Amino acid sequence: MLPTYNVVILGPSGSGKTVFLGSMYHKLSTQGESGFFLAVDNAERTILNQIYTEVATEETWPEPTQIINISNWTFTCKIQTPKGTYSACQFQYTDYAGEILTDHKDDPTYIEKFNETIKNADVLLGLIDGSRLLSYIKGERSGTKWVVRDLANVLDLMQNTDKSIHFIISKWDLIEDKYTLEEVRNHLLEIEQFRNIIMTRSNNSDINNENNRNDDSKGVVRLIPVSSVGKGFAEQQSDGSMRKTGKLPKPYNIELPIACILPDKLKEEFKKIINEQTKKSQQQIQEVKANLTLWDKLKKYFGTTAKTILEIVAPKLPPQFQFSKEILTDIIDFINQELQTSVYNKEAAAKERTEQLKAKKAEALAKIEGEKTALDYSIRCFLLLVNKLEYEHPYSKLTN
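Everything numeric here is computed off the predicted structure, so don't read it as measured data.

Participant: What is the right way to look at the overall build of the chain in this model?
Facilitator: Per the secondary structure count, the chain includes 15 helices and 9 strands. Taken over 400 residues, the chain has a buried fraction of 54%. Considering only contacts within the chain whose residues lie at least 6 apart along the sequence, 73% involve residues at least 24 apart. For the chain, the computed accessible surface area is about 18,500 Å², with 47% contributed by carbon and sulfur atoms.

Shown next, in the form of C-alpha cells:
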C-alpha cells in the first residue's frame, strides 16, 4: 500500500485554489525537470483538464468551489524510468470552499467534519490572494477589507493547529515586478494575526522576543510565491478583476508546494520524538542558547552515530515516514544545513547544494526497481525543489 499524505487547502473564495490545482496537475501530468509526474483517476483527470482548458482558452475564469462541496483529489506521484513506471506515494488534497468559515459556523455536524479533516492533515496550505495582498500593500480599502474579513478567517484556523503551514501567494505575477518576497513578508508580518502565528513557532529574533518563547512542537511555516498562469497571461483591472491577454499560461513555482510537504512533515515528526524523550528524561534543551542542530538533539538521547540514532529513531516514526536510513540521513543533513545557514547566506548555500542534490537524484534514479526505491527517488526530487525555493527566495521560510 502506498504511503499517503493528507493536505488541506484553505483560502477565501477567489483566492485561486481551483486554478492552482488545475495548473499543478497540468504542469506535473508529464515527467519533466521535476523528475516525477502526478496521476489521477479518470473522473478527476476530466475535471482538472476542464479547469485548465477553461483557464487557458476561455475569457472567463472557473467558478469557485461550491459551498456545499468539499473537493477531494488524490494525486499519485509516479516515476518513469527505462525499466518501467513506478508509483512512489500519494497526496490527498482536500479543497475547502472559501465560505466554510462563515456560512457553516452554526452547523455542528459540518464543523465537526471540518475539524476532523484539519486534525488528520499532514500539512495545511493557506492560499493568499496575490491581487488582494497587493491592494493591502498599496494601502487600498479593498486590501484592508480582505485582511480584516477573509485573511483573518483563515488565520483563525491556522492558530489552532500545530501542523506545518505553507502559505501560497497566488498570482505572484502581479507582485514580482513591484515587490520582493522579503518586502511582501515584512508587510504580512505587520498584520497582527499573521505575526502571532509565526511568533509561536519561531526562534527568529526579528520576529520573536524573550517574553514570547516558541513552541518547538509545532511545524514549519513557509511563504511560497506561485503563479498558476505566469507573467503576462492576465492583467488586473481597476475594479480588481483579472482580464486575460490571450497569451498561453506559463505557470511559475507550481510544483514547489507539493515538494515541501514530506521534508517539512518529517522534520515535524523528528521534533515530536525529541520532545517526547525530553519529557521522559525531565530535561529541557535550551535550543536558542545552545544552537543545537537536529543531529545534536538526536545524539543527546539516542546515540552518538547516525547509524545508531536511525536504528532507534526510525521505528518510532509513523509508517508513512519510515524511509530508508540513507534517505533519513540525507533529510536530516538537509534540515541541518537550513538551520545553520543565516538568511543572508541561504542563496549562496542553496546554490552550492544544487550539484550535490542533482548527483544523488541521478544515482537514485538508476536504483529504482519498485515502489520503495521510487519513493526514495521522489524524496530526492522534492529536496532539490525545496533547495530551489531556498535559492530563489531565501526569505521564504518564516520559522527556524
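Text resumes after the structure shown.
Participant: Is there a simple way to think about the pairing of strand β6 (residues 164-169) in this case?
Facilitator: Across the 6 residues that make up β6, a large majority, 6, are buried. Every second residue of β6 is oriented toward a common face, with Ser164, His166 and Ile168 on one face and Ile165, Phe167 and Ile169 on the other, all of them buried. As paired strands, β6 and strand β7 (residues 221-225) are joined by 5 bridges and run parallel to one another. Paired with Ile168 across the bridge in β7 is Ile224.

Participant: What am I meant to see in the environment of Ser281 here?
Facilitator: Examined against the element boundaries, Ser281 turns out to sit in helix α9 (residues 256-281). By relative accessible area, Ser281 is classed as partly exposed at 27%. Ser281 sits 20 residues away from Tyr301 along the chain, and the two C-alpha atoms are 9.0 Å apart.

Participant: Is there a simple way to explain the environment of Cys77 in this structure?
Facilitator: Mapped onto the secondary structure, Cys77 falls in strand β3 (residues 70-81). Along the primary structure Cys77 and Leu375 are separated by 298 residues, whereas in three dimensions their C-alpha atoms are 8.7 Å apart. If sequence neighbours within four positions are ignored, Cys77 has contacts with Phe36, Phe37, Leu38, Tyr86, Ser87, Ala88, Cys89, Phe91, Ser378 and Phe382.

Participant: Would you mind going over the side chain of Ser131 with me for this structure?
Facilitator: Relative to the assigned elements, Ser131 resides in helix α5 (residues 130-137). Under the relative-accessibility criterion, Ser131 is labelled buried at 4%. Not counting residues up to four positions away in its chain, the partners in contact with Ser131 are Lys171, Leu174 and Gln236.

Participant: Would you mind showing me how to read the state of the cysteines here?
Facilitator: Disulfides are covalent bonds that connect the sulfur atoms of two cysteines. According to the stated counting rule, one finds 0 disulfides in the structure shown. Free of any disulfide, Cys77 has its nearest neighbouring cysteine sulfur in Cys89, separated by 4.6 Å.

Participant: What exactly am I supposed to notice about the packing of aromatic side chains here?
Facilitator: Each aromatic ring pair is summarised here by two numbers: the centre-to-centre distance and the angle between the ring planes. Applying the stated criterion across every chain, the model contains 8 aromatic pairs. Pairing Tyr5 with Phe321 gives two aromatic rings, centres 5.3 Å apart and planes at 50°, and the pair type is tilted. Taken as a pair, Tyr5 in strand β1 (residues 4-10) and Phe321 in the loop between α12 (306-313) and α13 (325-340) lie far apart in primary sequence, 316 residues in all. Judged by its relative accessible area of 1%, Tyr5 is buried. For Phe321, a relative accessible area of 0% gives the class buried. Feature note: the residues Tyr5, Phe36, Phe91, Phe321, Phe323 and Phe382 constitute an aromatic cluster, connected by ring pairs. For the cation-ring pair, Lys300 lies above Tyr301, with the distance from its terminal atom to the ring centre recorded as 6.0 Å.

Participant: When you look at α13 in this model, what are you seeing that I'm missing?
Facilitator: An α-helical turn contains 3.6 residues, so a residue and the one three or four places further along point in the same direction. Between the first and last C-alpha of α13 there are 22 Å, a value that for 16 residues agrees with the 22 Å anticipated at 1.5 Å per step. Within α13, burial applies to Ile327, Leu328, Asp330, Ile331, Ile332, Phe334, Ile335, Asn336 and Glu338. Along its buried surface, α13 packs onto β7, α9, α11 (294-302), α12, α14 (346-366) and α15 (371-392).

Participant: Sorry, what's going on with the environment of Phe302 here?
Facilitator: Note that Phe302 resides in helix α11. Along the sequence, Phe302 and Ile312 sit 10 residues apart, while their C-alpha atoms lie 6.6 Å from each other. Aside from chain neighbours lying at most four places away, what touches Phe302 is Ile273, Gln277, Thr308, Ile309, Ile312, Val313 and Lys316.

The rules behind each value
- Residues numbered from 1 in each chain as written.
- Predicted model: local features only at pLDDT ≥ 70, side-chain atom pairs only at ≥ 80, totals over all residues.
- Heavy atoms only, no water.
- Helix = DSSP H or I, 4+ residues; strand = E, 2+ residues; numbered from the N terminus.
- Buried < 20%, exposed > 50% of the residue type's maximum accessible area, 1.4 Å probe, protein only.
- Contact = heavy atoms within 4.5 Å.
- Areas by Shrake-Rupley, 256 points an atom, 1.4 Å probe, with all protein chains shown as cover.
- Pairing = 2+ DSSP bridges.
- Disulfide = S-S within 2.5 Å.
- Phe/Tyr/Trp six-rings, centres within 6.5 Å; stacked < 30°, edge-to-face > 60°.
- Lys NZ or Arg CZ within 6 Å of the ring centre and 35° of its normal.
- Expected span 1.5 Å × (residues − 1).

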